[in-house]
Each structure stands twice: as C-alpha cells, then as structure tokens.
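Overview (structure and organization)
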Amino acid sequence: MAKKRTTSDLDTHLGYWMRYVSNHVSHAFAQKVEAKGVTVAEWVVLRQLYGADGQNPSELAEQLGMTRGAISKLVERLHQKQLVVRKSVVGDGRYQTIELTPAGRRLVPTLAKLADANDQAFFGHLSERDKKLLTTVLQDIVRRNGWKQSPIE
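First, a word on scope: everything that follows refers to the structure included in this document. (Residues numbered from 1 in each chain as written. Predicted model: local features only at pLDDT ≥ 70, side-chain atom pairs only at ≥ 80, totals over all residues. Heavy atoms only, no water.)

**Some words on the packing of aromatic side chains**
Selection rule: Pairs were defined over the aromatic rings of Phe, Tyr and Trp, the Trp ring being its six-membered one, requiring ring centres within 6.5 Å. Orientation was assigned from the angle between planes: stacked under 30 degrees, edge-to-face over 60, tilted for the rest. Note on conventions: DSSP H or I runs of at least 4 residues are helices, E runs of at least 2 residues are strands, and numbering of each starts at the N terminus. To sort residues, take the accessible area from a 1.4 Å probe on protein chains only and compare it with the maximum for the residue type: under 20% means buried, over 50% means exposed, and anything in between is partly exposed.
Summed over all chains, the structure comprises five aromatic pairs. Relative to Tyr-20, the ring of Tyr-16 lies with its centre 6.0 Å away and its plane at 45 degrees, an arrangement referred to as tilted. Placement of both Tyr-16 and Tyr-20 in helix H1 (residues 14–34) is noted, with a separation of four residues, approximately one turn of the helix. The exposure class of Tyr-16 is partly exposed, given its relative accessible area of 30%. Each ring, one from Phe-122 and one from Phe-123, has its centre 6.5 Å from the other, and the planes form 50 degrees; the classification is tilted.

This is the structure we're talking about:
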C-alpha cells in the first residue's frame, strides 16, 4: 500500500495571506506617492528627515536599517528633485548633513496624508482593538527576527 503524501495548499499558509495583503497595500501606496513625484523609498527618507535639524548619511542609514550606499543614492535622487540639500560642516568638508528643503518640508505632510488614507482604505474596517492586536503581533515578529531594515520595496 502506497503512502499518501499531503502537500499543503498555498492558502493554508499565514505567509501567503500576509504577502497577499502586503502586495495590495504597498502597490496602492506606491501609486499614490509616485503620483506626487517620489518613490516609497524616497518617502521613507523624507519622513525620517522631517522634524530633524539635519542628519548625516550614516545616522540616516542606521536609523532606517539601510546601507550607506543605498542612502547616498536616495539622497542624490532627492537632491536632484530639490527636496533635500546637503550641507558641509564648517571645518570638515567631508562631514555632511542632509536637510529637507522648503519644498521637501511642504511635501512630507501631503505624503503622510496619503499614507494615512491608504491605511484607512485597507484597515479602516478593523476595530481599534484589532488594529492594535495586529500591529503588536507584527511588531513581535519583527523583534523576534531582529529585523532592522525599513520596508521600502
């Protein structure tokens, strides 16, 4: 008698459902911010800089869990879009800080409203208790795995 092999269906996996939801939420948000001229990765950097007096690229990379090379590329793109400015520290031309330009400072609240609206569209039907529980569970998974990199893709 042959043994019967069982293979789980895709939709029996929690990861499948998390990816399904994440793809739709992320895609919708990406379309919204791209309509304003920035990528999701650029939005993350802009938001991190908002309210700061300036940060050096190393600090920014550490806070966002990104490489300095990735931050440099994002800062360059944002600089070309005139949303950030690089400032050298007097006496040490090698040390720079990155700051939002007035245009960058005006854009962040607009993008934050898009993020809020995106969350509302996808999660607004959940009770506050369910949102808090879902957030707590997801944050616990992040902590247990020691993940530091910001989800930008």
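**Quick look at the pattern of salt bridges**
Just so we agree on the cut-off: Whenever Lys or Arg places a side-chain nitrogen within 4 Å of a carboxyl oxygen from Asp or Glu, that contact is recorded as a salt bridge.
Within this structure, the stated rule accounts for six salt bridges. Arg-77 is the salt-bridge partner of Glu-42, the closest N and O atoms lying 2.7 Å from each other. A residue pair is termed long-range when its members are at least 10 positions apart, and Glu-42 in helix H2 (residues 40–49) and Arg-77 in helix H4 (residues 68–80) qualify at 35 residues. The exposure class of Glu-42 is buried, given its relative accessible area of 1%. For Glu-99, the salt bridge identified is with Lys-87, shortest N-O distance 3.3 Å.

**Some remarks on the packing of helix H3 (residues 57–64) against H4**
Applicable threshold: Every angle, taken between N-to-C directions, lies between 0 and 180 degrees, and every axis is a line fitted to C-alpha atoms, over only the stretch in contact when it is a helix. Angular relationships are summarised with four words: roughly parallel below 35 degrees, roughly antiparallel beyond 145, roughly perpendicular across 65 to 115, and oblique for the angles in between. Crossing handedness follows the turn of the near helix against the far one: under a right angle anticlockwise gives a left-handed crossing, and clockwise gives a right-handed one. Two residues qualify as a contact provided that any one of their heavy atoms is within 4.5 Å of a heavy atom in the partner residue.
Interhelical geometry of H3 versus H4 gives an angle of 110 degrees and a closest axis separation of 9 Å. Considering the angle they form, H3 stands roughly perpendicular to H4. The handedness of the crossing between H3 and H4 is right-handed. Along the contact surface, H3 presents Pro-57, Ser-58, Leu-60, Ala-61 and Leu-64, while H4 presents Arg-68, Ile-71 and Val-75.

**Some remarks on unusual backbone geometry**
The backbone phi angle of Gln-82 is positive, close to 60 degrees, even though this residue is not glycine. On the secondary structure map, Gln-82 appears in the loop between H4 and strand S1 (84–89).

**Topic: the packing of H2 against H4**
Cut-off, in case you're wondering: Any residue outside Ala, Val, Leu, Ile, Met, Phe, Trp, Tyr, Cys, Pro, Asp, Glu, Lys and Arg is labelled polar, Gly included; the first ten of those are nonpolar and the last four are charged.
The N-to-C vectors of H2 and H4 enclose an angle of 90 degrees; their axes lie 10 Å apart at closest approach. Taken together, H2 and H4 sit at an angle that is classed as roughly perpendicular. For the pair H2 and H4, contact is made by Ala-41, Glu-42, Val-45 and Leu-46 and by Ile-71, Leu-74, Arg-77 and Leu-78, respectively. In terms of residue class, the contact of H2 with H4 is built from six nonpolar, no polar and two charged.

**Remarks on a nonpolar patch on the surface**
We count it as follows: For patch building, the residue pool is restricted to those with more than 30% relative accessible area and no salt bridge; the joining distance is 9 Å between like charges and 5 Å between nonpolar side chains (Val, Leu, Ile, Met, Phe, Trp, Tyr). All accessibility values rest on the Shrake-Rupley procedure with a 1.4 Å probe; residue burial counts only the protein chains present in the view.
Together, Leu-14, Met-18, Leu-134 and Leu-138 give the surface a local cluster of nonpolar side chains, amounting to about 350 Å² of exposed area. Mapped by element, the contributors of at least two residues to the nonpolar patch are H1 and helix H6 (128–145). Counting through the fold element by element, Leu-134 comes out in helix H6.

**Description of the side chain of Thr-101**
Secondary-structure assignment places Thr-101 in the loop between strand S2 (92–100) and helix H5 (102–123). Given the relative accessible area of 14%, Thr-101 is considered buried. For Thr-101, the residues in contact, after removing those within four places along its chain, are Gln-82, Leu-83, Val-84 and Val-85.

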